[in-house]
Amino acid sequence: MSTPAVHVREQLPSIEHLGRKAPTPHAQKAHPRLGALLGALTAGLLTGAPSTAAPAAFTHPGVLVGTAQLDLTRSKVNSGAQPWKSAFDTMMASAYASLSRTPKPRAIVECGSYSDPNYGCTDEREDALAAYTLSLAWYITRDSKYANKAIQIMDAWSGTIKDHTNSNAPLQTGWAGSTWPRAAEIIRYTYNGWSKDRIDRFAGMLRTVYLPKVINGSHSNGNWELSMMEAAVGISVFIEDKASYDKAIAAFRARVPAYIYLKSDGDLPKTAPGSGLNTRDKIIKYWQGQSTFVDGLTQETCRDFTHTGYGLSAISHIAEASRLQGQDLYPEVADRLRHALGFQATYELGTAPPSWLCGGSVKRGLGPITEVGYNALHNRMHYAMANTQKLTERQRPAGSNNLFVGWETLTHAENPS
């Protein structure tokens, strides 16, 4: 199949020669693809996936944000530096930072398709985001009232919830289950006021209510499984469950190539194990009827950019967690993720889609999801990402999508840690 030209500026520098000697750090910086390739080789990602991904000892806090990242964020805010100070002010002005918030836990959270019915779905997601917001507020201000409020919310839910039901239960569990561990990691490992019995109860909630709903994945649209694996990874870090961490990472590594297309995949996108997508017609239908495939197209691009943003965000979050836990998966997903961010950013910024893409019409609304991936790929790995950079900077300070993304300009903008 011929591939139409797409003018997306995120392009790889060519590598003309791979010498026998390891390149210098300067050479790796000059040729980011070479650096990523060598990083992948070092991690064993190109010569055969390791049987385990879990670290010998988990790093805490180590879900989306680590100590060095938090310390840099705190220093930037306290010095009034931008964009961190404005991002912090935006966060603190949000309802999620309110000290008068009353948590609304339910024993059974019932979520149908598109949250219809919505019995506790919004309440759960927003309480989890509030706990995370308050944990960040605690770390940056060192005012214990924010930590205590986060604890109140987490304790309310851990003492109440028993199950998630109805058709959207796996996705709902993934969204809330992605956010709870971020808050819990910060509070547990940086504040002395959360009692052991309540920490244990919260860990038990994650282990028995959340993890079983997400750990076996999904054959639905890719954003489902990616969000579910984000939850599984974060939960596994908090409860220090190496087996579930390994299982979640394995599912993630199989799903990313099935979610983001690269021309090296061949005429058709890759498929996830067990998907049943064994014919061309089935694959095209699963890809929303799109039959022309180019670098960075995702399985949900022609559905809408909002759901695509969920998937790309989860990919970035899982890769960030793996890096904090000592096995950096960014080199493995770098080409797919940077092309996907750049491709979506091109049209999110207003470029008219060609007729071969989604019938010439796309549904924009990517959301505040680019900071984590952009920081990793551009600032740490030195990829040129002009369109992603433009979109990221235009959206600052990035807020929350009110589902599982929040305050990533604050935590990840220009953050080398």
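Residues numbered from 1 in each chain as written. Predicted model: local features only at pLDDT ≥ 70, side-chain atom pairs only at ≥ 80, totals over all residues. Heavy atoms only, no water.

**Student:** Looking at this structure, how should I read the sheet that holds strand E3 (residues 108-111)?
**Tutor:** Backbone-to-backbone hydrogen bonds join strands into a sheet, with any given pair of strands oriented parallel or antiparallel. Ordered by their spatial adjacency, three strands build an open sheet running E4-E3-E5, and the pairing between neighbours is mixed. The open sheet has two edge strands, strand E4 (118-119) and strand E5 (163-165), and neither has a second partner. Pairing of E3 with E5, which is carried by three bridges, proceeds in the parallel orientation. Its bridge partner being in E5, Ile108 is matched across the sheet by Asp163. (Pairing = 2+ DSSP bridges. Helix = DSSP H or I, 4+ residues; strand = E, 2+ residues; numbered from the N terminus.)

**Student:** Got a minute to help me understand the nonpolar core in this structure?
**Tutor:** One recurring pattern in soluble globular proteins is that nonpolar side chains are buried together. One finds Met154 and Trp180 to be the most contacted residues of the largest nonpolar core, which totals 120 residues. With twelve residues, helix H5 (residues 121-141) is the single largest residue contributor to this core. Beyond its immediate sequence surroundings of up to four residues, Trp180 is in contact with Glu124, Asp127, Ala128, Ala131, Ile153, Met154, Trp157, Phe202, Met205, Leu206 and Tyr210. (Core = buried A, V, L, I, M, F, W, Y, C linked by side-chain atoms within 4.5 Å. Buried < 20%, exposed > 50% of the residue type's maximum accessible area, 1.4 Å probe, protein only. Contact = heavy atoms within 4.5 Å.)

**Student:** Honestly, the pattern of salt bridges in this entry has me stumped. Any pointers?
**Tutor:** Two side chains bearing opposite charge may form a pair once their charged atoms approach each other closely. The full count for this structure, using the stated rule, is 17 salt bridges. Taking the shortest distance from any N to any O, the salt bridge between Glu225 and Arg255 comes out at 2.9 Å. Placement of the pair is Glu225 in helix H9 (residues 222-239) and Arg255 in helix H10 (residues 242-259), with a sequence separation of 30 residues. Among the residues examined, Glu225 registers a relative accessible area of 9% and is labelled buried. Ionic pairing is found between Arg338 and Asp335, a salt bridge with its closest N-O pair at 3.6 Å. Linking Arg338 with Asp335, this pair stays in helix H13 (residues 330-348), spanning three residues, or about one helical turn. Note on Arg338: relative accessible area 0%, which makes it buried. Salt bridges sharing common partners tie together Asp155, Asp197 and Arg198. (Salt bridge = Lys/Arg side-chain N within 4 Å of Asp/Glu carboxyl O.)

**Student:** Before we go on, may I ask you to explain the packing of helix H8 (residues 196-214) against H9 in this structure?
**Tutor:** A pair of packed helices is characterised by two quantities: the angle between their axes and the separation of those axes. As a packed pair, H8 and H9 sit with axes 10 Å apart at the nearest point and diverge in direction by 150°. Here H8 is positioned roughly antiparallel relative to H9, judged by the angle of their axes. When the axes of H8 and H9 are compared, the crossing they make is left-handed. In this structure, H8 uses Ile199, Phe202, Ala203, Leu206, Arg207, Tyr210, Leu211, Lys213 and Val214 to contact H9, whose residues at the interface are Met228, Met229, Ala231, Ala232, Ile235, Phe238 and Ile239. Classifying every residue of the contact of H8 with H9 gives 14 nonpolar, no polar and two charged. (Axes fitted to C-alpha atoms, helices over the stretch in contact; angles between N-to-C directions. Parallel < 35°, antiparallel > 145°, perpendicular 65-115°, else oblique. Left-handed = near helix turned anticlockwise from the far one by under 90°. Nonpolar A, V, L, I, M, F, W, Y, C, P; charged D, E, K, R; others polar.)

**Student:** For this particular structure, what's the right way to read H9?
**Tutor:** Each α-helix turn comprises 3.6 residues. Residues three or four places apart therefore point the same way. With 18 residues, H9 extends 26 Å between its outermost C-alpha atoms, agreeing within 8% with the 26 Å of an ideal straight helix rising 1.5 Å per residue. Counting buried positions over the 18 residues of H9 gives 18, a clear majority of the element. Looking one or two residues beyond H9, the residue adopting positive phi is Glu240, at roughly 55°. (Expected span 1.5 Å × (residues − 1).)

**Student:** I tried to follow empty space enclosed by the protein on my own but got confused; where do I start?
**Tutor:** Space left empty within the atom packing is revealed by a probe, the size of a water molecule, rolled over the atoms. Evaluation of the coordinates by the stated rule reveals one cavity of 30 Å³ or more. Estimated volume of the largest cavity: approximately 40 Å³. Along its surface, the largest cavity is lined by Val63, Leu64, Arg182, Glu230, Val233, Gly234, His317 and Ala321. Contributing elements (two or more residues each) for the lining of the largest cavity: H9 and helix H12 (305-324). Partitioned by chemical class, the residues of the lining of the largest cavity number four nonpolar, two polar and two charged. (1 Å grid on protein atoms, 1.4 Å probe; cavity = no way out; pocket = protein on both sides within 12 Å on 5 of 7 lines; lining within 4 Å. Points joined across faces, edges and corners; volume = space filled by probe spheres on them.)

**Student:** Mind showing me how you'd approach the packing of aromatic side chains here?
**Tutor:** The description of two aromatic rings rests on the distance between their centres and on the angle between their planes. Within the structure shown, the criterion is met by twelve aromatic pairs. Between Tyr96 and Trp407 the ring centres are 6.5 Å apart and the planes differ by 70°, which places this aromatic pair in the edge-to-face class. Placement of the pair is Tyr96 in the loop between helix H4 (84-92) and E3 and Trp407 in the loop between helix H15 (386-395) and helix H16 (408-412), with a sequence separation of 311 residues. For Tyr96, a relative accessible area of 8% translates into the label buried. With a relative accessible area of 5%, Trp407 lands in the buried category. Ring plane angle 70° and centroid distance 5.2 Å describe the contact between Phe343 and Tyr347, whose orientation is recorded as edge-to-face. Here Phe343 pairs with Tyr347, and both are found in helix H13, just four residues apart, close to one helical turn. According to the relative accessible area criterion, Phe343 is buried, its value standing at 0%. Among the residues examined, Tyr347 registers a relative accessible area of 4% and is labelled buried. (Phe/Tyr/Trp six-rings, centres within 6.5 Å; stacked < 30°, edge-to-face > 60°.)

**Student:** Help me out: how do you make sense of the state of the cysteines in this one?
**Tutor:** According to the stated counting rule, one finds two disulfides in the structure shown. For Cys111, the disulfide goes to Cys121, at an S-S distance of 2.1 Å. Because the sign of the S-S torsion sets the handedness, a value of about -125° for the bond joining Cys111 and Cys121 places this disulfide among the left-handed ones. Separated by ten residues along the polypeptide, Cys111 in strand E3 and Cys121 in helix H5 bring together distant segments of the chain. Shown here for the protein chain is a disulfide pattern of 1-2, 3-4, where each number marks a bonded cysteine counted in sequence order. (Disulfide = S-S within 2.5 Å.)

These figures capture arrangement, not role.
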